[in-house]
Amino acid sequence: DHGEELLEHGSTGHGITLYEEVIRVPLLIRVPGLGEGLRVPERVGLVDLLPTLLELMGQPVPQGLQGRSLVARIAGAAQADRRILSMIDYPDRSLRRAIIENDTKLILSQTTPRMVVRPANEVELFRLGEDPVEQVNSASSGQDIVTLLRRRMNAAATESAAIQNLFQGDSDPG
């Protein structure tokens, strides 16, 4: 469910940053009789597992569920790249959010003085096609893209919270 940072960005371990070495990890799915081994370049997320497993079991996918089924992709059909969201939230320490759209990644970090690994309130923008190891922060020269991705990130976070509240409301006896 995560990778490890080995000083690529100044720290080691996981759960501190949202760089590629931490969040981009292999997802292996084997379905007997459905396609042969293939490597796909598209990004997928853990939220895609539930709709995929439901479809494989012949069960309906609930409306409003985040993620998309990967069954067609496993069988070899092309799928468009999509928006990926990641978040780390340590109360009283840090909040980090990332959005990846096509090959562009925005990371927003808010940290308290206790977290000295990365600067507080940092905005980072990476063009992963040109800079896959995220060494060139182009946030200052890409303010229009930062604004657009920030808006999309906030909209997705609002939608995610609404979905979470919807499902939590199902268990409320009244």
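Our structure is the block above this text.
Residues numbered from 1 in each chain as written. Predicted model: local features only at pLDDT ≥ 70, side-chain atom pairs only at ≥ 80, totals over all residues. Heavy atoms only, no water.

(A) The overall build of the chain, seen in detail. Check the secondary structure of the chain and you find four helices and six strands. For the chain, the α and β elements follow one another from N to C terminus as β-β-α-α-α-β-β-β-β-α. Within the chain, buried positions represent 34% of all 174 residues. Of all intrachain contacts in the chain linking residues separated by at least 6 positions in sequence, the fraction that spans at least 24 positions is 39%. Here the chain has roughly 10,900 Å² of accessible surface; of this, 54% comes from carbon and sulfur atoms. (Helix = DSSP H or I, 4+ residues; strand = E, 2+ residues; numbered from the N terminus. Buried < 20%, exposed > 50% of the residue type's maximum accessible area, 1.4 Å probe, protein only. Contact = heavy atoms within 4.5 Å. Areas by Shrake-Rupley, 256 points an atom, 1.4 Å probe, with all protein chains shown as cover.)

(B) Summary view of the pattern of salt bridges. Within this structure, the stated rule accounts for three salt bridges. A salt bridge links Glu101 to Arg152; its shortest N-O distance comes to 2.1 Å. Residue Glu101 is found in strand E4 (residues 94–101), and its partner Arg152 is found in helix H4 (residues 143–169); the two are separated by 51 residues along the sequence. Across the pair Lys105 and Glu134 runs a salt bridge whose closest N-O atoms are separated by 2.8 Å. Of this pair, Lys105 sits in strand E5 (residues 104–111) while Glu134 sits in the loop between strand E6 (122–127) and H4; the two residues are 29 residues apart in sequence, bridging distant segments of the chain. The two residues Lys105 and Glu134 agree in class, both being buried. Three or more residues are tied together by salt bridges with common partners; here these are Arg83, Glu101 and Arg152. (Salt bridge = Lys/Arg side-chain N within 4 Å of Asp/Glu carboxyl O.)

(C) Here's a closer look at the nonpolar core. By size, the foremost hydrophobic cluster in this structure holds nine residues: Leu18, Tyr19, Ile84, Ile88, Ala98, Ile100, Ile107, Phe126 and Leu128. Mapped by element, the contributors of at least two residues to this core are strand E3 (84–90) and E4. If near-sequence neighbours (up to four positions away) are discounted, Leu18 is found in contact with Ile23, Ser86, Met87, Ile88, Arg96, Arg97, Ala98, Lys105 and Ile107. The next biggest cluster of nonpolar side chains, apart from the first, holds eight residues, and it includes Leu108, Ala139, Leu149 and Met153. (Core = buried A, V, L, I, M, F, W, Y, C linked by side-chain atoms within 4.5 Å.)

(D) Region of interest: a nonpolar patch on the surface. The grouping of Leu53, Leu56 and Met57 at the surface amounts to a nonpolar patch, some 290 Å² of accessible area in total. Among the secondary structure elements, Met57 is positioned in the loop between helix H2 (49–56) and helix H3 (71–74). (Patch = residues over 30% accessible without salt bridge, like charges linked within 9 Å, V, L, I, M, F, W, Y side chains within 5 Å.)

(E) Here's a closer look at the pairing of E5. Within E5, seven of the eight residues are buried, which leaves the element mostly enclosed by the surrounding structure. When E5 meets E6, the two strands line up antiparallel, connected through six bridges. Bridged to Lys105 within E6 is Phe126. (Pairing = 2+ DSSP bridges.)

(F) Summary view of the side chain of Asp131. Structurally, Asp131 can be placed in the loop between E6 and H4. Within the buried core, Asp131 has no salt-bridge partner, and the shortest N-O distance to an opposite charge, that of Arg127, equals 8.7 Å. In this view, Asp131 contacts Phe126 and Val136; residues no more than four positions away in its chain are not counted. (Lys, Arg positive; Asp, Glu negative; His and termini not counted.)

(G) Focus on unusual backbone geometry. If you check the backbone angles, Asn102 has positive phi at about 55 degrees while not being a glycine. Following the sequence through the fold, Asn102 ends up in the loop between E4 and E5. The class of Asn102 is partly exposed, set by a relative accessible area of 48%. A positive phi angle, close to 50 degrees, is found at Glu134, a residue other than glycine. What makes Glu134 buried here is its relative accessible area of 2%.

Nothing here speaks to function; it is geometry throughout.
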